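Summary of the model geometry
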Amino acid sequence: MARWCYRHRLVVLLLWLGALFGLGAASAGAGTNYANVFSLPDTDSATAYDLMEKAFPERAGDTDTVVWKVDEGSVRDESVRSRIEPALKEIGRMKGVGEVTDPYAAQGAAQISQDGRIAYAQVTFTEQANAVPKELIEDVVDKARAAEADGLRVELGGQAIARTQEPPQGTAEAVGILAAAVVLFLAFGSLFAMLLPIVVAVAGVGTGMIATMLMSHVTDVPEVAPLLGSLIGLGVGIDYALFIVTRHRRGILRGMKPEEAAVTALNTSGRAVLFAGGTVCIALAGMLVMNMRFLDGVVVATSLTVVLSVLAAITLLPALLGLLGTRVLSRRQRRRLAAAGPEPAEASGLAARWSSYVQRRPRPVAAMAVVVMAVLAIPVLSLRLGATDQGNHQESTTTRQAYDLLAEGFGPGFNGPLQVVVEGDAPTGLVDGIKATEGVAQVAAVPPAGGVTVIQVVPTTSPQSQQTDRLIDRLRDDVIPQSGAEAHVGGVTAVFKDFASVTADRLPYFVATIIALGFLLLMVAFRSLVVPLTAALMNLIAAAASFGVLVAIFQWGWGTELIGVGKEGPITSFLPVIMLSLLFGLSMDYQVFLVSRMHEEWVHTKDNARAVRVGLAETSRVINSAALIMICVFSAFVLSGDMEGAMAGIGLAAAVALDAFILRTALVPAAMHMLGRANWWLPDWLEKRLPHLAVEPKEEPPAEEPEPVVAGRTSVVHGFVRTADGAPVDGAAVTLLTKGGRQLDRVMSLADGSYIVSVPGPGTYLLATSAESYGSRAGQVVVTQGPLVYDVELAEGGVDAVN
């Protein structure tokens, strides 16, 4: 497939452009129909919601609030009424506004605070918040704000009003892409190579987001789903393309033709991308175990975007590589390739030195990593799930100001009233019992409608307070049963409390499911019990530490206003499920890319120390680059204007940073060094029963490789093995191999460091030299008609870089 896409690149490009523009045109005509269905089956709040929907089906539009306060006097003063009443009447006449409740009307006394300084009016639109035209919302805001005067302050709150405060759509994505572009340019040094992962990611995310918009018409997709889909899609899309482009560039630098390099890259890194994308989707599908309707739409949006991002990486990317050819390299690399020929296949630099250090001191490295992760995980002990509301917005926003004014004038519980729903008439004893309950500020029974009575209960505490949660428990466990009524407690506050309770109850099953699936996948891929067990433990450590960071910032309030996400509060109840799915999927990606190289080396050498050292040296740079890109993309979602999006972005950025820079770069290799050969243990009976799943393609059998033999003619390669200061290395193993890895000759260097190996004939070979305490060196040698002199320099404590 990779070769077909490479050779038919224009066809592939046209197909992708057609899909993107075709879906875009369909979505522009259909619009969106997002639905935040927060109710949970078999919960008290869900039953209350169903009864209210049956009794009041006409209350379909979004209800927002206009709040005003006077510094002196009363809101009933004529100077205030003469400014507010005309504005409210004009708002009521706007097309798209269904009703405006006026506190100055005969039944509006309850809408004025006891001290007379704060009042509010409710504006009910004919549509839900996401369907109300933004121009209408802005007109309402402008008209209400025009009534302000010296000593008279007007603020507005509600879901529709909050839309006017959202940053321009795509701001977070654009900032994330720009930051990723900088990282890619520093990594590649080439403008074209930098653009490739970005173009591929934008194609995958673009089609995924448009498809999600269309799917919102046939299934319930919450408003936060496209945001989470674009967040994860950009991250994995850029990363997957980065892995493939890196392998492709390496192939060209080592002398391969661009087409062969692309095919090889897709046949190796592309396979790993397919495996990694599959693990992400499996982790996301684990959310279905929670049996929450709200999460079904999130699973659909995020999984669809990941699938399309993988599809773009394995089809669109080879087509783009075909268009670029060797221009995927920087000009300097192309000049060096033309002048000096292919590069040797060896790892060097900081990654190699760090890998050697971890091998020499695995215990201190592991201990330091564990201490850092444990300290960061401490705040998770105080994790509290709940709901964010407009009280968590930034202080400068009108929604936050309106929220605070309502709390000031009518009590903190006014922003999150409870509804006690009764079939038929409410017994007097129930209303009296609620009034006498500790924590209740106001009680008002609405006249029965449709055979249902709703009792409005205003708590004395805020919606996010633990006292409000305890009030809900008292109503359900004591007050309602004592009254003998069949009643249910509903309202947004009760719904989110039920969400938090259900999440806490089902989370262990969810975590166990995705860990078990990940364990099975890694066990099949790497033929080991210890490697997947280590990966599962590392995933749990990463989750605890990242949630610790999340609690410190969003629940404890360490820097929330500084980074522009508003006031501290509980962690959104559904966020742990979404974050754990994404975190386990992304962690599995890094584990696959790291351990697959180690496993390859282990299969060839059966030397655990060398396998771990070489695997870390050769993969840590690309894993760290990929992680840095994800951190940039995720952190940019602080600018999304959505609290849940900001929480997910910060939480995932912290998780990726800790996972890549501490766990996969330090703790995992250190633990594998300490475990030794036990890393690769698998009982024989299990080995025979497990299916074979190859992350990397099988190597060609060495016997099929044509040998560079000239009949009746042999030659030699000879020289000296020395250290950097010129001292001879005695007893170094010098091995001559074909380019495919088949051994032709092997000798040991003499006391003076000299060696000589025989060569079957002219051609290109691989000469590998290794010595205890010196690591190894490998390089290509080109033998012509006569003997070749080739000296080898080994560095003490060097890294075994033989590929």
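Structure: see above.
Notes on the structure follow. As the structure is a prediction and not an experimental result, all values here were calculated from the model.

Rules of the game
- Residues numbered from 1 in each chain as written.
- Predicted model: local features only at pLDDT ≥ 70, side-chain atom pairs only at ≥ 80, totals over all residues.
- Heavy atoms only, no water.
- Salt bridge = Lys/Arg side-chain N within 4 Å of Asp/Glu carboxyl O.
- Helix = DSSP H or I, 4+ residues; strand = E, 2+ residues; numbered from the N terminus.
- Buried < 20%, exposed > 50% of the residue type's maximum accessible area, 1.4 Å probe, protein only.
- Axes fitted to C-alpha atoms, helices over the stretch in contact; angles between N-to-C directions.
- Parallel < 35°, antiparallel > 145°, perpendicular 65-115°, else oblique.
- Left-handed = near helix turned anticlockwise from the far one by under 90°.
- Contact = heavy atoms within 4.5 Å.
- Nonpolar A, V, L, I, M, F, W, Y, C, P; charged D, E, K, R; others polar.
- Pairing = 2+ DSSP bridges.

The next subject is the pattern of salt bridges. Pairing between side chains becomes possible if they bear opposite charge and their charged atoms approach one another. Throughout the structure, instances matching the rule amount to 15 salt bridges. For Arg476, the salt bridge identified is with Asp498, shortest N-O distance 2.8 Å. Of this pair, Arg476 sits in helix H17 (residues 466-483) while Asp498 sits in helix H18 (residues 492-526), and the two are 22 residues apart along the sequence. One salt bridge in this structure joins Arg664 and Asp659, with 2.8 Å as the shortest N-O distance. The exposure class assigned to Arg664 is buried, which follows from its relative accessible area of 1%.

Another point: the packing of helix H9 (residues 224-253) against helix H10 (residues 258-285). The contact between H9 and H10 brings their axes to 8 Å, and the two run at 155 degrees. With respect to each other, H9 and H10 are oriented roughly antiparallel. Viewed along their axes, H9 and H10 form a crossing whose handedness is right-handed. Residues Tyr240, Phe243, Ile244, Arg247, His248, Gly251 and Ile252 of H9 form the contact with H10, whose participating residues are Pro258, Ala261, Ala262, Ala265, Leu266, Thr268, Ser269, Gly270, Val273, Ala276, Gly277 and Val280. Looking at the contact of H9 with H10 residue by residue, the class counts come to 12 nonpolar, 6 polar and 1 charged.

As a further point, take the sheet that holds strand E8 (residues 452-459). One open sheet holds the 4 strands; their spatial order is E7-E8-E6-E9, and the pairing between them is antiparallel. On the outer flanks of this sheet lie strand E7 (440-449) and strand E9 (487-490), each paired with one strand and no other. The average angle at which neighbouring strand axes cross in this sheet is 20 degrees, direction not considered.

In this section: the packing of helix H7 (residues 171-188) against helix H8 (residues 191-215). Between H7 and H8, the least distance of the axes is 8 Å, while the angle of their chain directions is 145 degrees. Regarding H7 and H8, the two cross each other, and that crossing is right-handed. Every residue of H8 that contacts H7 at Ile177, Ala181, Leu184, Phe185 and Phe188 is listed here: Leu191, Ala193, Met194, Pro197, Ile198 and Val202. Across the contact of H7 with H8, the residue classes tally to 11 nonpolar, no polar and no charged.

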